[in-house]
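What follows is each chain in one-letter form.
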Amino acid sequence: MRYVLAILACVALDQGVKLWTVANLELYESAPLIPGLVELLYVQNTGGGFSILREHTWLLTIVTAALMAVIAVILWKKIFPHPLAMWTLTAVLGGGLGNLIDRVRLGYVVDMFNFQFMTWPVFNVADILVVCGVIGFAAYYLLLDDKVRPHPAGKREAGRRKEGSGDGGADHPADGQ
């Protein structure tokens, strides 16, 4: 239940910031947020990050919906039950749903955060959630998953060692002859 509430909070935060942006800024209008670092700049993005697949919102909508469905199933079935995995996937799902809502409702995604000190695509709260969630999940999977979640192959190997001759499962030249 707490993950569902967190997903809803992520979507609400994303949609709230987007609604505020549309209500307070004209398209392509900017306003300082952290002067010299980040400004609010209202843009409508019909593509993905770095304008990938610009004007192909329908394709991004289908792909996003499918990926969010897969992540929802992974969360529901607790395929990765460790809290770090669950929270990072929750962030990805919340952010993905936030952008999916825009694509379905508007035909584009509302973006508003623009770095002033470097060239980078304008982004939104949902993008932040997805990027942080993916990085966090990748770190979990690469660094912790093998340590906290037994894999089926590991269970088979452990079973073989128990059934073995008591030498820790070492193979002997006479085995299999």
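Please read all numbers here as calculations on a predicted model, not as lab measurements.

What am I meant to see in the confidence of the model for the chain here?
Regions with low pLDDT carry predicted coordinates that are not meant to be interpreted in detail. Scored by pLDDT, the chain comes out at a mean of 87, with 82% of its residues at no less than 70. Across the chain, element-level confidence peaks in helix 1 (residues 2-24) with a mean pLDDT of 98 and bottoms out in helix 6 (residues 152-163) with 51. Below pLDDT 50 for its whole length, residues 156-161 participates in two contacts with residues either more than four positions away or in separate chains. Note that pLDDT drops below 50 for residues 168-177; the model gives that stretch five contacts with residues more than four away or on any other chain.

What am I meant to see in helix 2 (residues 57-76) here?
Between its first and last C-alpha, helix 2 extends 28 Å over 20 residues, near the 28 Å set by a 1.5 Å rise per residue. Buried residues along helix 2 sit against helix 1 and helix 3 (83-106). Looking one or two residues beyond helix 2, the residue adopting positive phi is Lys-78, at roughly 50 degrees.

For this particular structure, what's the right way to read the pattern of salt bridges?
Opposite charge on two side chains permits pairing when their charged atoms draw close. Across all of its chains, the model carries two salt bridges by this definition. Taking the shortest distance from any N to any O, the salt bridge between Asp-14 and Lys-18 comes out at 2.8 Å. With Asp-14 and Lys-18 both in helix 1, this residue pair falls four residues apart, about one helical turn. One exposure class covers both Asp-14 and Lys-18, and it is buried. With a closest N to O distance of 3.0 Å, Lys-18 and Asp-102 form a salt bridge. Remark: Asp-102 occurs in helix 3 and Lys-18 occurs in helix 1; sequence separation between them is 84 residues.

Sorry, what's going on with the nonpolar core here?
A general feature of soluble globular proteins is that nonpolar side chains tend to end up buried together. Judged by nonpolar contacts, the single largest core of 14 residues is most densely connected at Ile-71, Leu-75, Phe-80, Leu-89, Leu-93 and Phe-137. Listed by contribution, the elements that provide at least two residues to this core are helix 1, helix 2, helix 3 and helix 4 (125-143). Considering each element in turn, this core owes the most residues, five residues, to helix 3. Those residues in contact with Ile-71, other than ones at most four positions away along the chain, are Leu-89, Val-92 and Leu-93. Among the nonpolar cores identified, the runner-up in size contains 13 residues, and Cys-10, Tyr-42, Phe-113 and Phe-123 belong to it.

Thresholds, definitions, all that
Residues numbered from 1 in each chain as written. Predicted model: local features only at pLDDT ≥ 70, side-chain atom pairs only at ≥ 80, totals over all residues. Heavy atoms only, no water. pLDDT = per-residue confidence, 0-100. Helix = DSSP H or I, 4+ residues; strand = E, 2+ residues; numbered from the N terminus. Contact = heavy atoms within 4.5 Å. Expected span 1.5 Å × (residues − 1). Salt bridge = Lys/Arg side-chain N within 4 Å of Asp/Glu carboxyl O. Buried < 20%, exposed > 50% of the residue type's maximum accessible area, 1.4 Å probe, protein only. Core = buried A, V, L, I, M, F, W, Y, C linked by side-chain atoms within 4.5 Å.

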